[in-house]
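Given next are the chains, with one letter for each unit.
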Amino acid sequence: MSSPSFELLETTIDQIHHAYEEGDLDSRELVDSYLERIEAYDQTGPEIQSIITINPAVRERAEELDQAVEESGNLVGSLHGIPVVVKDQIKTKGITTTFGSIAFEDYVPEQSATIVERLNDAGAIVLAKTNLPDWATSWFAFSSVLGRTKNPYALDRDPGGSSSGTGAAVAANFASVGIGEDTGGSIRLPASFTNLFGLRVTPGLISRMGMSPLVISQDTAGPMTRTVKDAALLLDVLAGYDSADPYTVTNELTHVDGTYVDQLSEDGLDGARIGILRDKFGDDSDPDAEPVNRLVEETIELMSDAGADIVDPVQIGDIDYYVEETSLYLVQSKRDINDFLTNQVDAPVDSVEEIYEQELYHELLDLLEGIAEGPADPEDDPDYWRKIVLQDTFQRILLNTFAEHQLDAVLCPDVQVVPPKADEVRSGALDTLTFPTNTVIASQAGCCAMSVPAGVTDEGLPVGVELIGKPYDEATLLKLAYAYEQTADPRVVPDTTPALESEE
């Protein structure tokens, strides 16, 4: 670093821009510092294994931005010189994009996803692509292309999936911010397990063009960050209509007064009404659930102390029935992935069946196997249409709970248990479809939701709290999360990836 006044660890977008403007730092220096950390901690040392591919042109991109500042004296866009890690589910022109699959280990797209183009237009730097279970089909961090990603807070624990690499990389300070993807909780679950803020937006608010699907009606990209403001800054860049993704008409239903950053307020919890979904807390007699419940209770108390009106408890109909009966993976995902594969130029495989039959996937991905055995066309299955109708019913029941209690958000643990040990996953003791994550509630009811860190247990394991919001009401979630963050200061730096000597 050119100046001892700039600290890389836990730095924010605002702090980076201040250092740029003061001449204490440039983009090339920042990129080199993150690459040094990746080499020291991701590729060697604790070997986190969050990064699949480093952008081969990353230094060139940084130097272009530095040259632009020299010539104009101004930063290029709201994300100027901000190194971003991107889940490898999202296509990047000129950078290998694997989708977590060994079948695509040499696949280099000819076109970037819309959101990558928006990041570039805002001046961001795509630093690297991050690991995910093949085709985003697991809550756990095992892929055929890279293997296992470790949790930087406890190397024997899982960092969650499917945005495993993004969560681990941002938590370990391998980049400034990260982009994940969420179908049933794939942003929020790893955010919970890695002490981050993770935002699932209403599907369509952010374009999915150039991103492999899982359940196309539920899929969305989104920010995974160490601070709420950084999430809001990213969302202001990512959100918007895209004619290539018809779902983005959602933006016509979203009305924000100014930017998402403008919604942030230190007193955002004052007078807010938050309902506590006790039905989705784990059993205190379970040693893996008790520490989660304890930290969630502390979070509720902090929110109350900050002025929130806690409505405890609230109920959402027969929630377990609706969670089970509105799951679409086994009936819809095969068609959605197949449609994507058949439209990729020079794709090495063209169907889930081919991936399954040739065993081109990680052996622990039980959900992918279930998807491969599902119907080629779900519309021929009457049960598919029943599930679609039930999703609409589920949303109506959930929104009636909001209306009845005049709620701003519903709160519960993201996951009922602490991050599992990798050996538990390897043993087959954990099944993707029965793992006790509450993130599927918002996903299957068509709502937005945000994971906020509740801190870490006595064993140092991160716990996340889920705030479920109404569709198109991301602004409220950001406001609540920001106010909580100012009160709680819940971020903890993992011991396995401390500052390097060059950073001190």
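About the thresholds
Residues numbered from 1 in each chain as written. Predicted model: local features only at pLDDT ≥ 70, side-chain atom pairs only at ≥ 80, totals over all residues. Heavy atoms only, no water. Axes fitted to C-alpha atoms, helices over the stretch in contact; angles between N-to-C directions. Helix = DSSP H or I, 4+ residues; strand = E, 2+ residues; numbered from the N terminus. Parallel < 35°, antiparallel > 145°, perpendicular 65-115°, else oblique. Contact = heavy atoms within 4.5 Å. Nonpolar A, V, L, I, M, F, W, Y, C, P; charged D, E, K, R; others polar. Salt bridge = Lys/Arg side-chain N within 4 Å of Asp/Glu carboxyl O. Buried < 20%, exposed > 50% of the residue type's maximum accessible area, 1.4 Å probe, protein only. Pairing = 2+ DSSP bridges. Right-handed = clockwise from strand over helix to strand, strands pointing away. Expected span 1.5 Å × (residues − 1). Core = buried A, V, L, I, M, F, W, Y, C linked by side-chain atoms within 4.5 Å. Polar contact = N/O pair within 3.5 Å; in protein donor to acceptor, adjacent residues only side chain to side chain. Phe/Tyr/Trp six-rings, centres within 6.5 Å; stacked < 30°, edge-to-face > 60°. Lys NZ or Arg CZ within 6 Å of the ring centre and 35° of its normal.

*Asks:* Got a minute to help me understand the packing of helix H8 (residues 290-305) against helix H16 (residues 474-488) in this structure?
*Replies:* In helix packing, the relevant descriptors are the interaxial angle and the interaxial distance, both defined with respect to the helix axes. For the pair H8 and H16, interaxial distance at closest approach is 10 Å and the crossing angle is 100°. Here H8 lies roughly perpendicular to H16, going by the angle between them. Taking contact as the criterion, the partners of Thr299, Leu302 and Met303 in H8 are, on H16, Tyr484, Thr487 and Ala488. Broken down by class, the residue content of the contact of H8 with H16 amounts to four nonpolar, two polar and no charged.

*Asks:* I would appreciate a short explanation of the pattern of salt bridges in the present structure.
*Replies:* When the charged atoms of two side chains lie near each other, side chains of opposite charge can form a pair. According to the stated counting rule, one finds 25 salt bridges in the structure shown. Notably, a salt bridge pairs aspartate 14 with lysine 229, separated by 2.6 Å at the nearest N-O pair. A residue pair is termed long-range when its members are at least 10 positions apart, and aspartate 14 in helix H1 (residues 13-22) and lysine 229 in helix H7 (residues 228-238) qualify at 215 residues. We classify aspartate 14 as partly exposed; its relative accessible area is 38%. Between arginine 37 and glutamate 503 there is a salt bridge; the shortest N-O distance is 3.0 Å. Linking arginine 37 in helix H2 (residues 27-43) with glutamate 503 in the segment after H16, this pair joins segments that are 466 residues apart in sequence. The same class applies to arginine 37 and to glutamate 503, which are both buried.

*Asks:* So what exactly am I meant to see when it comes to the sheet that holds strand S7 (residues 197-200) here?
*Replies:* Strand pairs in the sheet, formed through backbone hydrogen bonds, run parallel or antiparallel to each other. Taken in spatial order, the eleven strands of this open sheet run S1-S3-S2-S6-S8-S7-S12-S13-S11-S9-S10, and their pairing is mixed. Only two strands of the sheet have a single neighbouring strand rather than two, namely strand S1 (51-54) and strand S10 (309-311). Averaged over all adjacent pairs, the angle separating strand axes in this sheet is 25°, with direction ignored. The pairing of S7 with strand S12 (residues 448-456) spans three bridges and is classified as antiparallel. By the bridge assignment, glycine 198 is partnered in S12 with serine 451. Packed onto the sheet, helix H13 (residues 382-405) meets strand S9 (273-276), S10, strand S11 (409-413) and strand S13 (462-469) and runs at close to 80° relative to S13.

*Asks:* Sorry, what's going on with the environment of valine 352 here?
*Replies:* Structurally, valine 352 can be placed in helix H11 (residues 352-357). By relative accessible area, valine 352 is classed as buried at 3%. Along the sequence, valine 352 and serine 333 sit 19 residues apart, while their C-alpha atoms lie 9.4 Å from each other. Ignoring any residue separated from it by four or fewer positions in sequence, one finds valine 352 in contact with Lys334, Ile337, Asn338, Leu341, Ile371 and Ala372.

*Asks:* What is the right way to read the pairing of strand S2 (residues 83-87) from this model?
*Replies:* The side chains of a regular strand alternate between the sheet's two faces. Taken across its five residues, S2 has five buried, putting it largely inside the fold. Going residue by residue along S2, you find Pro83, Val85 and Lys87 tucked away on one face and Val84 and Val86 tucked away on the opposite face as well. Once the chain exits S2 it traverses helix H4 (residues 114-121) before rejoining the sheet at strand S3 (residues 125-130), and the crossover so formed is right-handed. In the sheet, S2 pairs with strand S6 (residues 177-182) via three bridges, with the strands oriented parallel. Residue pairing across strands places valine 84 opposite valine 177, the latter belonging to S6.

*Asks:* Help me understand the side chain of threonine 497 in this model?
*Replies:* Note that threonine 497 resides in the segment after H16. Excluding its chain neighbours within four sequence positions, the residues that come into contact with threonine 497 are Leu9, Arg37, Tyr41, Ile48, Ala172 and Phe174.

*Asks:* Is there a simple way to think about H16 in this case?
*Replies:* Each α-helix turn comprises 3.6 residues. Residues three or four places apart therefore point the same way. Compared with an ideal rise of 1.5 Å per residue, which puts 15 residues at 21 Å, H16 spans 21 Å between its outermost C-alpha atoms and is within 8% of the ideal. Along H16, eleven of the 15 residues are buried, which leaves the element largely enclosed by surrounding structure. Along H16, the positions that sit buried rather than exposed are Glu474, Ala475, Thr476, Leu477, Leu478, Leu480, Ala481, Tyr482, Ala483, Tyr484 and Glu485. Phi for aspartate 489, located one or two positions after H16, is positive at around 45°.

*Asks:* Can you help me understand the nonpolar core in this one?
*Replies:* Generally speaking, nonpolar side chains in soluble globular proteins are found buried as a group. Leu127, Ile179 and Leu478 are the most contacted members of the largest nonpolar core, which has 155 residues in total. In this structure, isoleucine 179 is in contact with Val84, Val85, Val86, Lys87, Ile90, Ile115, Leu119, Thr166, Ala221, Gly222, Leu234 and Leu238, ignoring residues within four places of it in sequence.

*Asks:* Would you explain the side chain of lysine 129 in this entry?
*Replies:* Inspection of the secondary structure puts lysine 129 in strand S3. At 2.7 Å, the side chain of lysine 129 forms a polar contact with the side chain of aspartate 88. Here the side chain of lysine 129 touches threonine 92 through a polar contact of 2.8 Å, side chain to side chain. Non-local contacts of lysine 129, meaning those with residues more than four positions away in its chain, are made with Ser50, Ile51, Ile52, Thr53, Val86, Lys87, Asp88, Ile90, Thr92, Ile95, Thr96 and Thr97.

*Asks:* Sorry if this is basic, but what is going on with the packing of aromatic side chains here?
*Replies:* Two measures describe an aromatic ring pair: the distance that separates the ring centres and the angle between the ring planes. In this structure the tally under the stated criterion is eleven aromatic pairs. Taken together, a centroid distance of 5.6 Å and an interplanar angle of 10° make the contact between tyrosine 322 and phenylalanine 394 stacked. Linking tyrosine 322 in helix H9 (residues 319-325) with phenylalanine 394 in helix H13, this pair joins segments that are 72 residues apart in sequence. For the pair formed by tyrosine 322 and phenylalanine 394, the shared burial category is buried. Each member of the aromatic cluster is reached from another via a ring pair, and the members are Phe99, Phe104, Tyr107, Trp135 and Phe340. Seen from the ring of tyrosine 247, arginine 208 lies directly overhead, with NZ or CZ sitting 4.3 Å from the centre.

Geometric descriptors of this kind do not, in isolation, establish any biological role.
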